[in-house]
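Secondary and tertiary structure notes
In case you want the letters, here they are:
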2 protein chains.
Amino acid sequence: MTKGRVTVIDIAKAAGVSKSTVSLVLQGSPLVSEATRSKVNAAMRDLGYVYNRGAANLRQPSAKSKIIGVVVNDLTNSFFAELAVGVDMVVQSAGFVQFLSNTSENIDRQREVIASMREHGISGLIVSPARATEAADFKPLVAAGIPVVVVVRSLPGSKVSSIVSDNAGGTAAAVEHLASLGHTRIAFLGGFPDTAVFEERLAGYVDGMNAAGLGFRQELVVSSAPSRAGGADAIGWAMAMSDRPTAAVCFNDAVAFGACDGLRARHMEPGRDFAVVGFDDVIEAQTAVPALTTISVDPQSMGRRAAQLLLKQINAGKAEPESVTTAVRLVVRESCGAAERKSGRKMA
Amino acid sequence: MTKGRVTVIDIAKAAGVSKSTVSLVLQGSPLVSEATRSKVNAAMRDLGYVYNRGAANLRQPSAKSKIIGVVVNDLTNSFFAELAVGVDMVVQSAGFVQFLSNTSENIDRQREVIASMREHGISGLIVSPARATEAADFKPLVAAGIPVVVVVRSLPGSKVSSIVSDNAGGTAAAVEHLASLGHTRIAFLGGFPDTAVFEERLAGYVDGMNAAGLGFRQELVVSSAPSRAGGADAIGWAMAMSDRPTAAVCFNDAVAFGACDGLRARHMEPGRDFAVVGFDDVIEAQTAVPALTTISVDPQSMGRRAAQLLLKQINAGKAEPESVTTAVRLVVRESCGAAERKSGRKMA
DNA sequence: ATGGTAATTTGGAACGTTCCAATTATTCCT
DNA sequence: AGGAATAATTGGAACGTTCCAAATTACCAT
């Protein structure tokens, strides 16, 4: 038990080489002979050496810190937890480690967290921005040459890379599916009209309606809070129309669940008397009754994509901002009335 | 745009003081006069200084790295995501930052991840160990004076602190509740018998049965994988008994959901024809149909507790290992047949 | 003014690593 | 065997901070 921790010098002494050689071994340089390499490795094992990245980072550009920061706006939401898992997968196998923080939608906390990450010398940042995040908030980062990838919520005029799901494509597919089931009066329910995500999903809906030859009618879109309660509200408005819709694509799954609640309150059974389609495919979507037909965005693969893009930029030194939109998939379950009845639930 | 990053020396120059003084300001020392302090702060702001913790850690004991590591065995499980959120809360407000990694129950990955965290000089570690983790795995950490707090799963003979929920108390309460509803043949379903958590929950069940004067019968406990599929399996065995049980306390919520599936497959309605109680209170528990009666463990507060304990140990320099078990609460919903019918679902 | 004390400030010398230029060992060719 | 080339190794000198001991300044009571 020597007092201080064991350093590269200690193992150099033990292996009978110089500290420089040890350093070479540490970074797997091909310059060192096989013989010395194994001698050094043995010494490291014997003395219980642990690499001190802090010291190393002092000499190297921050791109080699092997830390990547991940900031999400709501880790409680399993969507983001899964996203983080996806990021962790690729990041970990690339020898990086993940700094994860949660902002709880609080922009001040977001600032603090990002500042803290900078102090620790992150090589790159993946962030799902809290509401009201400004494009300018990431200026200092990119100025310092730290790659940033924004996920889930795109940031208006910022010069950073972003990965968002194909919102328009998703709602368009939902409309197409409903139309193919014979529905002609299809509503768009829920969401706040002043957000980018709403605009995209609505645009997809409009495209879908036109593509199906049903045309777009403003009165069929009723906005509301993007929550369960909002959904119940929205369906109420829809049911009060003189010429009622028979189906709805909802802003997200929460709204869709709310719509189902509202339908039942009016003695209508979702999936039988009215078709509803959600967006996101949260876990509850498959276990709910009826199981929710929805647009699946697979947060985990989104996380992987984001991490891959980030790593690419880190390795490239300085990379051009790039925007990718990830594919999205309609998963048909029961709430749209087109279910394949109980098609084999798998079991160990 | 000077080439390198701005250092403490740059701002010393700009503020007309020495680097030592700047350092003093950085650590909020009372030794520096108000006048110089603000001069220095101004310079920092002007030059866009960012503190380099790596360099600082070189001179300081690792307890001051302000990084705490969090390792969970399954971030996909919202239980652990919530736990991480709880940790993050207290850790963040103490000025620390959280390194979060996911082992996916893989012990090799766990080793890698912890090694990586050590390299980064974490001040402490909170870990929910992957299956088959040995007590010895944390020896090097504690030898190096790094506090470790084990959560959720206790580690047999290790000398580290731990925070686990009151497993025995939980199942005992579940049995008591079922007995009070008039059930006499109560099964214990699911879980692998070779885990500490299983033992504890089973022990509580046994205690509960004895306390209710029902006695313990080995044939009423049927183990299985702690998953939905396992639960369906287990209920199958239970239903095949000559003298069927009328209620079951399940190893966890997943098993309970599986049991419900199995019940329905046999044309029995959980909550009406058979009482089911789960354990964990995952989010789906309240939205499922029927809503699941279960033992709530509040992962978030568990995370907070763990973080507080860890911080205490970090500040104390070297602290005695301490084990706390967190209280647990029976939340009665519909699946046990004792529901308060639809007692006001809150909305907006 | 003068000494004494308290309040501030300040140069190095670490910390553990990587990089560079330079050195030494080894191999190959004629 | 001699030298050129190549392969391995190696001493510093950084990196940006904190700490220590020492130096300076300010303040007071004589």
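Please read these numbers as outputs of a predicted model, since none were measured by experiment. (Residues numbered from 1 in each chain as written. Chains lettered and ligands numbered in written order. Predicted model: local features only at pLDDT ≥ 70, side-chain atom pairs only at ≥ 80, totals over all residues. Heavy atoms only, no water.)

1. As for the pairing of strand β3 (residues 124-127) of chain B
On any regular strand, side chains alternate: one points to one face of the sheet, the next to the other face. All names here are of chain B. Using the following cut-off: Accessibility here uses a 1.4 Å probe with only protein chains present; expressed as a share of the type maximum, an area under 20% marks a residue as buried, one over 50% as exposed, and anything in between as partly exposed. Think of it this way: any DSSP run of H or I at least four residues long counts as a helix, any run of E at least two long counts as a strand, and we number them from the N terminus. Two strands pair if DSSP finds at least two bridges between them.
Side chains Gly124 and Ile126 of β3 all project onto a buried face; the interleaved residues Leu125 and Val127 project onto the opposite face, where all are buried too. Sheet topology note: the strand β1 (residues 67-72)/β3 ladder contains 4 bridges and is parallel. Residue pairing for β3: Ile68 is matched across the bridge by Gly124. In this structure, β3 lies alongside strand β4 (residues 148-151), joined through 3 bridges in parallel fashion. The residue bridging Val127 from the neighbouring strand is Val150, located in β4.

2. What about the relation of the copies chain A and chain B?
Note the following rule: We place the copies in one frame by least squares, fitting the C-alpha atoms of every residue whose pLDDT is at least 70 in both. A contact between two residues is defined here by any heavy atoms of the two lying within 4.5 Å.
Overlaying chain A on chain B yields an RMSD of 0.7 Å, the required transformation being a rotation through 179° with an accompanying axial translation of 0.5 Å. In symmetry terms, the pair is related by a two-fold rotation axis. Taken as a fraction of all interface residues of chain A, those also at the interface in chain B reach 98%, which identifies the copy contact as same-surface.

3. Focus on the interface of chain A and chain B
Counted only if it meets this: Once two parts are put together, the accessible area they lose, assessed with a 1.4 Å probe and summed over both, is termed the buried area. For this document, the term salt bridge refers to a Lys or Arg side-chain nitrogen within 4 Å of an Asp or Glu carboxyl oxygen. Whenever a nitrogen or oxygen atom comes within 3.5 Å of another N or O atom, the pair is scored as a polar contact, on the condition that within protein one atom can donate a hydrogen and the other can accept it, and that pairs from neighbouring residues in sequence are kept only if both atoms are in side chains.
Between chain A and chain B, the contact holds 45 residues from the first and 44 residues from the second. Carbon and sulfur atoms supply 56% of the area that chain A and chain B bury against each other, a total of about 3,900 Å² over both sides. In this structure, the connection of chain A to chain B is made through 2 salt bridges. As a salt-bridge pair, Glu119 of chain A and Arg53 of chain B come within 2.7 Å of each other at their nearest N and O atoms. The interface formed by chain A and chain B holds 8 residue pairs in polar contact (both at pLDDT 80 or more) in total.

4. Focus: the sheet that holds strand β12 (residues 329-331) of chain A
What holds strands together in a sheet is hydrogen bonding between their backbones, with the strands either parallel or antiparallel. Residues and elements named next belong to chain A. Formally: Helix axes are fitted only over the stretch in contact, all axes being lines through C-alpha atoms; the angle between N-to-C directions runs from 0 to 180 degrees.
With respect to topology, 6 strands assemble into an open sheet ordered β7-β6-β8-β9-β10-β12, the strand pairing being mixed. Whereas interior strands pair on both sides, the edge strands pair on one side only; in this sheet they are β7 (221-222) and β12. Bridging between strand β6 (residues 186-189) and β7 involves 2 bridges; their strand directions are parallel. By the bridge assignment, Phe188 is partnered in β7 with Val221. Against the sheet, helix α9 (residues 196-211) engages β6, β7, β8 (247-250) and β9 (275-280), with an angle of about 175° to β6.

5. Quick look at the environment of Arg111 of chain A
Counting through the fold element by element, Arg111 of chain A comes out in helix α6 (residues 107-119). Remark: the alpha-carbon pair of Arg111 of chain A and Asp137 of chain A, spanning 26 residues in sequence, is separated by 8.1 Å.

6. Remarks on the protein's contact with DNA strand C
Definition in use: Proximity criterion: a residue is near a molecule or strand once any of its heavy atoms comes within 4 Å of it. When residues are grouped by polarity, Ala, Val, Leu, Ile, Met, Phe, Trp, Tyr, Cys and Pro land in nonpolar, Asp, Glu, Lys and Arg in charged, and all others, Gly among them, in polar.
Around DNA strand C, 27 residues are found, and the nearest of them are Val8, Ser23, Tyr49 and Tyr51 of chain A together with Thr21 of chain B. Close to the protein, within 4 Å, the atoms of DNA strand C belong to sugar or phosphate groups at a rate of 66%. Measuring from a phosphate oxygen of DNA strand C, one finds a side-chain N or O atom of Gln27 of chain A at 3.4 Å. Residue assignment for the surface near DNA strand C shows that the elements contributing at least two residues are α2 (19-26) and α4 (53-59) of chain A together with α2 (19-26) and α4 (53-59) of chain B. Classifying every residue of the surface near DNA strand C by side-chain character gives 11 nonpolar, 11 polar and 5 charged.

7. Structural notes on the domain arrangement of chain A
Residues and elements named next belong to chain A. The condition is simple: Note that the domain bounds were set by an automatic or database domain assignment.
Here chain A is partitioned into domain 1 (8-51), domain 2 (63-165 + 299-327) and domain 3 (167-297). Measuring from the centre of the C-alpha atoms in domain 2 to the corresponding centre in domain 3 gives 31 Å. Taken together, the 5 residues of domain 2 in the interface contact 5 residues of domain 3. Across the domain 2/domain 3 interface, buried area totals approximately 620 Å², and carbon plus sulfur atoms make up 47% of it. At the junction of domain 2 with domain 3, the criterion picks out 0 salt bridges. The tally of links between domain 2 and domain 3 comes to 1 residue pair in polar contact (both at pLDDT 80 or more). Looking at side-chain class alone, the side of domain 2 that touches domain 3 contains 2 nonpolar, 3 polar and no charged residues.

8. A short note on the protein's contact with DNA strand D
Taken together, 27 residues lie near DNA strand D, and Ser18 and Thr21 of chain A together with Val8, Ser23 and Tyr49 of chain B sit nearest. Backbone atoms, meaning sugar and phosphate, form 67% of the atoms of DNA strand D found within 4 Å of the protein. With respect to DNA strand D, the side chain of Tyr49 of chain B contributes an N or O atom lying 2.3 Å from a phosphate oxygen. In this structure, a base nitrogen belonging to DNA strand D sits 3.3 Å away from a main-chain N or O atom of Ala55 of chain B. Those elements that provide at least two residues to the surface near DNA strand D are α2 and α4 of chain A together with α2 and α4 of chain B. When grouped by side-chain class, the residues that make up the surface near DNA strand D number 11 nonpolar, 11 polar and 5 charged.

9. Focus: the pairing of strand β4 (residues 148-151) of chain A
All names here are of chain A. The side-chain alternation of β4 yields two buried faces, one formed by Val148 and Val150 and the other by Val149 and Val151. The pairing of β4 with strand β5 (residues 161-165) spans 3 bridges and is classified as parallel. In the sheet register, Val151 faces β5, and the bridge partner there is Ile163.

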